Amino acid sequence: MNKILLKKLLIFISISVAISSCSKKETTDNFDFSNFKPPNRKVEIVKDNSEVIKEIKVKNELLPFKKRNEISSSIKYGKEDPFAIESDSNNNSLSNLILKGFITYSKENYALINYLGEDGTITENSIGGLNTKYLPNGAKVKNFNLFDSEITILLDDKELIISIND
């Protein structure tokens, strides 16, 4: 009998909770809107701008490039032709090249040199102006002679030998 009474009690409680949750509650929220001022929105009237857009013709007033002769005649100092390839009259001699020593690293020989006041390295594959700036333009390394501490350089079909003692 206790089981039946317990079932009835549970059913009664669940039904009363369900009914009470669905009942309408009175809201007592009282908002005061007496001091509320809505923002002023100005209504803009779009006027029809019926002006005719005038077509303006653009004149080409660009100045043409100056001719090569005009530019080269206006230059007072330096080389004659600014469009010419750099003259290598000062840099084409090996008198500015000083051999300082050799380094061998990973079976590759390097010569330590000073050319035009800059220190650097060259290899047996170095060509001046092509893959190194430490040789005059067009100069090619022919070979390294590590035993005599000298390098052979080809410049203008001439073989020039530079040693550490120079």
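Residues numbered from 1 in each chain as written. Predicted model: local features only at pLDDT ≥ 70, side-chain atom pairs only at ≥ 80, totals over all residues. Heavy atoms only, no water.

**Student:** Please provide a residue-by-residue account of unusual backbone geometry, values included.
**Tutor:** A positive phi angle, near 60 degrees, is found at Lys107, a position not held by glycine. Along the chain, Lys107 turns up in the loop between strand 1 (97–105) and strand 2 (108–115). Among the residues examined, Lys107 registers a relative accessible area of 85% and is labelled exposed. (Helix = DSSP H or I, 4+ residues; strand = E, 2+ residues; numbered from the N terminus. Buried < 20%, exposed > 50% of the residue type's maximum accessible area, 1.4 Å probe, protein only.)

**Student:** So what about the pairing of strand 1? Which residues, and what values?
**Tutor:** For strand 1 and strand 2, the ladder comprises eight bridges, and the chain directions are antiparallel. Paired with Tyr105 across the strands is Glu108, a residue of strand 2. Hairpin geometry of strand 1 and strand 2 is characterised by an intervening segment of two residues between the two adjacent antiparallel strands and by a positive phi of about 55 degrees at Ser106. (Pairing = 2+ DSSP bridges.)

**Student:** Describe in detail the pattern of salt bridges, supporting the description with residues and values.
**Tutor:** Following the criterion strictly, the structure yields three salt bridges and no others. Of the charged contacts, one joins Lys100 and Asp119 as a salt bridge, the two residues approaching to 3.1 Å between their closest N and O atoms. You can see Lys100 sitting in strand 1 and its partner Asp119 sitting in strand 3 (residues 118–122), a full 19 residues away along the chain. When its relative accessible area of 47% is taken as the criterion, Lys100 is described as partly exposed. (Salt bridge = Lys/Arg side-chain N within 4 Å of Asp/Glu carboxyl O.)

**Student:** Please provide a residue-by-residue account of the sheet that holds strand 3, values included.
**Tutor:** With respect to topology, three strands assemble into an open sheet ordered 1-2-3, the strand pairing being antiparallel. Only two strands of the sheet have a single partner each, and these edge strands are strand 1 and strand 3. Strand after strand, the sheet turns through a mean of 25 degrees between neighbouring axes, direction not considered. (Axes fitted to C-alpha atoms, helices over the stretch in contact; angles between N-to-C directions.)

**Student:** Tell me about the environment of Gly117, and name the residues and values.
**Tutor:** Take Gly117: it is sitting in the loop between strand 2 and strand 3. In this structure the C-alpha to C-alpha distance between Gly117 and Asn96, which are 21 residues apart in sequence, comes to 8.1 Å.

**Student:** Now, about a nonpolar patch on the surface: what can you tell me, with residues and values included?
**Tutor:** Together, Leu6, Leu9, Leu10, Phe12, Ile13 and Val17 make up an exposed nonpolar region whose accessible area comes to about 620 Å². For Leu9, the position within the fold is in helix 1 (residues 2–22). By relative accessible area, which is 46% here, Leu9 ends up partly exposed. (Patch = residues over 30% accessible without salt bridge, like charges linked within 9 Å, V, L, I, M, F, W, Y side chains within 5 Å. Areas by Shrake-Rupley, 256 points an atom, 1.4 Å probe, with all protein chains shown as cover.)

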